[in-house]
Amino acid sequence: MPSQVFFGSARQARLDACETLPAKLDLIIDQLHIRDRVKGETVAIKMHTGHTLSYSTVHPVFVRKLVKAVKDGGGKPFVTDVSWDIRAAEERGYSPDVLGCPVYPTAGIDEKYYYEHERPFKNIKVWKVAGMIEDATFLLNLAHVKGHPVCGFGAAFKNLALGCVVGETRGAIHDTMHFDPYWFADKCPAADDVKRVMEACPFGALVEDKHHPGDLHMHFEQCNQCGRCLQAAPPGSLKIDPVNFYAFQEACAYSVAVSLGTFAPGKATHISLATHMTPVCDCFGFTSMPIMADAGVFGSDDIVAIDQAVLDATCNFPLLEENLPTVMEVHTREGHPFRQLHGPYKDPYLVTQYGEQLGLGSRQYELVDVLPVAQFARPSVTYIPAN
Ligand code: SF4
């Protein structure tokens, strides 16, 4: 049976508060039976609180509604995010006074509170899951949908994959992209040639390896797979290979399998807000202009289904190129707008495929619109002369 994904469109029919996104979130909270499921539970509301000047993260109005629903149901909620982002979260409106519950760093202020889980994947042997996540008995995954320079997009998977582990594991997840070799120094022995390859990248993605001077290091987040460097590189010296790019998405799925695995069945649910979708992640410390129209709010107990539904709902949205930072280049018009922006090897759908392979959910889902947008039939316009 397909999973259910509850959806509230960003569109309204009437200029009426009950048709707005916070009101539709209320309907989704009802559909997910959150109040009935949290009695006596310690509920971690994992969200991305942004960084420094971010203002496109999930607005406190939505967070407060979730907190209230948990309290009404007899649960003990707390909002949590990594220490780096929690430190000044209050400046962005995420304070206990506003939200109605405590706000804690996931793994303590120094990220030293964690549990270890052994599950080998590429360079990662042990995953360090944040203590406040693992200690909670119910998880409310509250994600903001946006683009991401490493994997195309971030939403429900990304919020948990990077946000429920400590900094050391976050770094190791990024390092999975370097596990499979992509630079073959013996095929490019001349220093001048190495320099020429690095200079061929207009995005600064290729630099000298600080650990191995003379070698080349790739900043995968800056690479849109345009191929210009391959024209400058001696044959066989450089690979722009999907295996390196896909590793991050697969690692995200593994990370979620580990952190979600610490909750009993039925003790986690996921809500994603697809509004003000920026080109890059909320951790950049600022908010750029949206690159697509707003889609709405989604909710599901199935993390695979919710990310799949968000991507399907937005896949035909035009990319708002006039809103892109001019440093970014769109060189493919194929696929999802996030893929158009970040390149073909950063296909946002990959994480749902890997998640499904790991048994985390299903890409087959039923979309349930909690308040379908009414359409109005109107007679044709009559021309009224000016005088
Ligand atoms: S493929 Fe393009 S963006 Fe990527 S490193 Fe090469 S030149 Fe830079």
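In case you missed it, the structure is sitting above this.
Let me sum up the structure you'll find in this document.

### Describing the packing of helix α12 (residues 303-314) against helix α14 (residues 350-357)
Two elements in contact, α12 and α14, have axes separated by 9 Å at closest approach and are oriented at 160 degrees. For the element pair α12 / α14, the angle class is roughly antiparallel. The element α12 and its partner α14 pack so that their crossing is left-handed. Between α12 and α14, the residues in contact are Ile303, Val304, Asp307 and Gln308 and Val351, Thr352, Gly355 and Glu356, respectively. Looking at the contact of α12 with α14, its residues break down into three nonpolar, three polar and two charged.

### Topic: the site of the ligand
What surrounds the ligand is a group of 13 residues, the closest being Cys201, Ala205, Cys223, Cys226 and Cys229. Here the shell around the ligand is built from residues that sort into nine nonpolar, three polar and one charged.

### What to know about the nonpolar core
Judged by nonpolar contacts, the single largest core of 107 residues is most densely connected at Ile45, Val63, Leu66, Phe157, Cys252, Val256 and Phe298. Broken down by element, the residue count for this core peaks at 12 residues, all from helix α11 (residues 242-260).

### Quick look at helix α3 (residues 60-72)
Here α3 spans 18 Å end to end across 13 residues, near enough to the 18 Å set by a 1.5 Å rise per residue. Along α3, the residues that are buried comprise Phe62, Val63, Leu66, Val67, Ala69 and Val70. Angular distribution of buried residues about the axis of α3 spans 160 degrees; they occupy a single face of the element. Of the residues one or two after α3, Gly74 is the one with positive phi, at around 90 degrees.

Calculation notes
Residues numbered from 1 in each chain as written. Predicted model: local features only at pLDDT ≥ 70, side-chain atom pairs only at ≥ 80, totals over all residues. Axes fitted to C-alpha atoms, helices over the stretch in contact; angles between N-to-C directions. Helix = DSSP H or I, 4+ residues; strand = E, 2+ residues; numbered from the N terminus. Parallel < 35°, antiparallel > 145°, perpendicular 65-115°, else oblique. Left-handed = near helix turned anticlockwise from the far one by under 90°. Contact = placed C-beta atoms within 7 Å. Nonpolar A, V, L, I, M, F, W, Y, C, P; charged D, E, K, R; others polar. Near = placed C-beta within 6 Å. Core = buried A, V, L, I, M, F, W, Y, C linked by C-beta atoms within 7 Å. Buried ≥ 20, exposed ≤ 12 C-beta atoms within 10 Å, placed from the backbone. Expected span 1.5 Å × (residues − 1). Arc of directions from axis to C-beta.

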